[in-house]
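Report on the structure
Listed below, chain by chain, are the residues.
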Amino acid sequence: MAEAPAGSVQVIIESEGERVFGAEGHHTTILGLKYLNRYAKPGQKVLDYGTGTGIQAIAALKLGASSVLAVDIDHEAVDTTMENGKLNGVADRLDARLAQNVDGTEGPFDLCIANILPGVLIDLA
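Residues numbered from 1 in each chain as written. Predicted model: local features only at pLDDT ≥ 70, side-chain atom pairs only at ≥ 80, totals over all residues. Heavy atoms only, no water.

1. Regarding the packing of helix H1 (residues 27-39) against helix H2 (residues 55-62)
The contact between H1 and H2 brings their axes to 10 Å, and the two run at 15 degrees. Between H1 and H2, the interaxial angle falls into the category roughly parallel. Between H1 and H2 the crossing geometry is right-handed. Of the residues in H2, those in contact with Thr28, Thr29, Gly32, Leu33 and Leu36 of H1 are Ile55, Gln56, Ala59 and Ala60. For the contact of H1 with H2, a count of residues per class yields five nonpolar, four polar and no charged. (Axes fitted to C-alpha atoms, helices over the stretch in contact; angles between N-to-C directions. Helix = DSSP H or I, 4+ residues; strand = E, 2+ residues; numbered from the N terminus. Parallel < 35°, antiparallel > 145°, perpendicular 65-115°, else oblique. Left-handed = near helix turned anticlockwise from the far one by under 90°. Contact = heavy atoms within 4.5 Å. Nonpolar A, V, L, I, M, F, W, Y, C, P; charged D, E, K, R; others polar.)

Next up, the structure:
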């Protein structure tokens, strides 16, 4: 396990589910985790759009987020996110949903993270 850089918080996350995108070794996931380490604050309400395995959602919760809405278009990703939330003891503050089941009334959010393709982000803007 790599050492955390000075000034950062090291969060250990147990994970199942290499079957969906968002494994902890993927470079965009690592960038997202660095972003969370820098900007996540205790008590925040967080949106994780394109959650994959839920690694970033779980990291936000372990860094003190009050709740996370984790969204994906893949039902397997939603199931895996909840499984990983249970493994990490944060399932009570984690709401994983298919994108089609998000109606826009869930916000506002204090922090948003999206580990998805740029074209999709542009379409959502």
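From this point, things continue past the structure.
2. Re the sheet that holds strand E2 (residues 67-72)
With respect to topology, four strands assemble into an open sheet ordered E3-E2-E1-E4, the strand pairing being parallel. In the strand order of this sheet, the two ends are held by strand E3 (94-98) and strand E4 (111-114), each with one partner. When the angles between neighbouring strand axes are averaged without regard to direction, this sheet yields 15 degrees. As paired strands, E2 and E3 are joined by five bridges and run parallel to one another. Each residue of the ladder has a partner; that of leucine 69, found in E3, is aspartate 95. Contacts from helix H3 (residues 75-87) reach E2 and E3 within the one sheet, and its direction differs from that of E3 by about 170 degrees. (Pairing = 2+ DSSP bridges.)

3. Examining the nonpolar core
Core analysis: the largest hydrophobic core is formed by 19 residues, its most contacted members being Leu36, Val46, Ala60, Leu61, Ala65, Val68 and Leu94. Every element with two or more residues in this core is listed here: H2, E2, E3 and E4. At five residues, H2 tops the list of elements feeding residues into this core. (Core = buried A, V, L, I, M, F, W, Y, C linked by side-chain atoms within 4.5 Å. Buried < 20%, exposed > 50% of the residue type's maximum accessible area, 1.4 Å probe, protein only.)

4. What to know about the side chain of asparagine 84
Assignment of secondary structure puts asparagine 84 in helix H3. Side-chain polar atoms of asparagine 84 contact the backbone oxygen of threonine 53, separated by 2.9 Å. (Polar contact = N/O pair within 3.5 Å; in protein donor to acceptor, adjacent residues only side chain to side chain.)

5. A look at the environment of lysine 41
Structurally, lysine 41 is set in the loop between H1 and strand E1 (45-49). Judged by relative accessible area, lysine 41 falls into the partly exposed class, the value being 43%. Sequence separation between lysine 41 and aspartate 110 is 69 residues; the distance between their C-alpha atoms is 9.2 Å. Other than its neighbours up to four places away in sequence, lysine 41 contacts Leu63, Gly64 and Ala65. In this structure the side chain of lysine 41 is engaged in a polar contact, spanning 3.5 Å, whose partner is the backbone oxygen of arginine 38.

6. Quick notes on the pairing of E3
Of the two faces of E3, only one is covered, namely that formed by Leu94, Ala96 and Leu98; the face formed by Asp95 and Arg97 stays uncovered. The parallel pair E2 and E3 is bridged by H3, and the resulting crossover is right-handed. (Right-handed = clockwise from strand over helix to strand, strands pointing away.)

7. A look at the side chain of glutamate 106
Structurally, glutamate 106 can be placed in the loop between E3 and E4. Separated by 2.9 Å, the side chain of glutamate 106 and the backbone nitrogen of glycine 104 make a polar contact. When neighbours within four sequence positions are excluded, glutamate 106 is seen to be in contact with Lys45, Leu69, Arg97 and Asn101.

8. Notes on unusual backbone geometry
A cis amide bond links glycine 107 to the next residue, proline 108, at an omega of 5 degrees. Position of proline 108 among the secondary structure elements: in the loop between E3 and E4.

Functional significance is not addressed by these values, which are geometric in nature.
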